[in-house]
Amino acid sequence: RHPEIVWAQRSDKLFLTVELPDAVDPSVELQPDGRFVFRAAAADSAPYEASLELYGSVSVEESKVNVGSRHTLCIIHKQEQGWWKRLLKSEGKMPPYVKVDWNKWIDEDEEADSKGHGICLFLLFFIRDDRADFLDFFSCVSDG
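This text gives an overview of the structure that appears in the document. Only a predicted model underlies this, so the values are computations on that prediction, with no experimental measurement involved.

Criteria and cut-off values
- Residues numbered from 1 in each chain as written.
- Predicted model: local features only at pLDDT ≥ 70, side-chain atom pairs only at ≥ 80, totals over all residues.
- Heavy atoms only, no water.
- Core = buried A, V, L, I, M, F, W, Y, C linked by side-chain atoms within 4.5 Å.
- Buried < 20%, exposed > 50% of the residue type's maximum accessible area, 1.4 Å probe, protein only.
- Helix = DSSP H or I, 4+ residues; strand = E, 2+ residues; numbered from the N terminus.
- Contact = heavy atoms within 4.5 Å.
- Pairing = 2+ DSSP bridges.
- Axes fitted to C-alpha atoms, helices over the stretch in contact; angles between N-to-C directions.

Focus: the nonpolar core
Consideration 1: If you look at the biggest cluster of nonpolar residues, it comprises 24 residues, and the most contacted ones within it are Ile5, Leu16, Phe36, Leu52, Leu54, Ile76 and Leu87.
Consideration 2: The set of elements that each furnish at least two residues to this core consists of β1 (4-9), β2 (13-19), β4 (35-41), β5 (47-53) and β7 (71-78).
Consideration 3: If sequence neighbours within four positions are ignored, Leu54 has contacts with Leu14, Leu16, Leu30, Asp33, Gly34, Phe36, Ile76, Trp84, Leu87, Leu88 and Lys89.

A look at the side chain of His77
Consideration 1: Position of His77 relative to the elements: it lies in strand β7.
Consideration 2: With near-sequence residues (within four places) excluded, His77 lies in contact with Asp12, Lys13, Val58, Ser59, Glu62 and Ser63.

Some details on the environment of Phe36
Consideration 1: Mapped onto the fold, Phe36 is located in strand β4.
Consideration 2: Judged by relative accessible area, Phe36 falls into the buried class, the value being 0%.
Consideration 3: Along the primary structure Phe36 and Leu16 are separated by 20 residues, whereas in three dimensions their C-alpha atoms are 10.0 Å apart.
Consideration 4: In contact with Phe36, other than residues within four places in its own chain, are Ile5, Leu16, Val18, Val28, Glu29, Leu30, Ala50, Ser51, Leu52, Leu54, Cys74 and Ile76.

Here we look at the sheet that holds β2
Consideration 1: Sheet architecture is open: five strands sit in the order β6-β7-β2-β1-β8, paired in mixed fashion. In the strand order of this sheet, the two ends are held by β6 (58-67) and β8 (98-100), each with one partner. Geometrically, the sheet is characterised by an average inter-axis angle of 25° between neighbouring strands, direction not taken into account.
Consideration 2: Summarising the sheet, β2 and β7 pair through seven bridges and their orientation is antiparallel. The residue bridging Leu16 from the neighbouring strand is Cys74, located in β7.

The quantities given are spatial measurements derived from coordinates; they are silent on function.
Shown next as structure tokens:
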């Protein structure tokens with residue numbers, strides 16, 4: 001089974017959110033070539049796994065993962081700055097469990113206007129969703 005994954009991008013990073021409430025032992029593997037693997041079990045012990053080949057190379061060292069009670073948020077830094085044509089390396093239809101995260105999405109030409117507002121959107125998102133996730137996320141982004 002696959003968990004739902006929502007995504008958005010900026011010129012320097014991707015936001016991947018794996019929606020799997022009460023995940024047991026979630027793990028994320030990220031490779032420099034853009035291979036992303038999520039594994040966990042649901043509360044009912046059913047195994048979940050998602051494997052994606054991202055469009056471009058990423059910086060594993062700069063990327064961050066925050067595991068919360070409702071979802072796992074991954075902030076993946078691109079190796080080279082620039083907007084990707086799509087999320088995945090392969091052309092064609094996206095897997096049905098991968099969707100756009102319209103809460104975080106901005107268009108390429110709107111990015112300069114949104115500088116400084118991104119953290120506010122995240123704060124609102126996490127305060128609304130789960131206070132513990134908010135605190136974990138804030139400590140994740142405030143260190144660099």
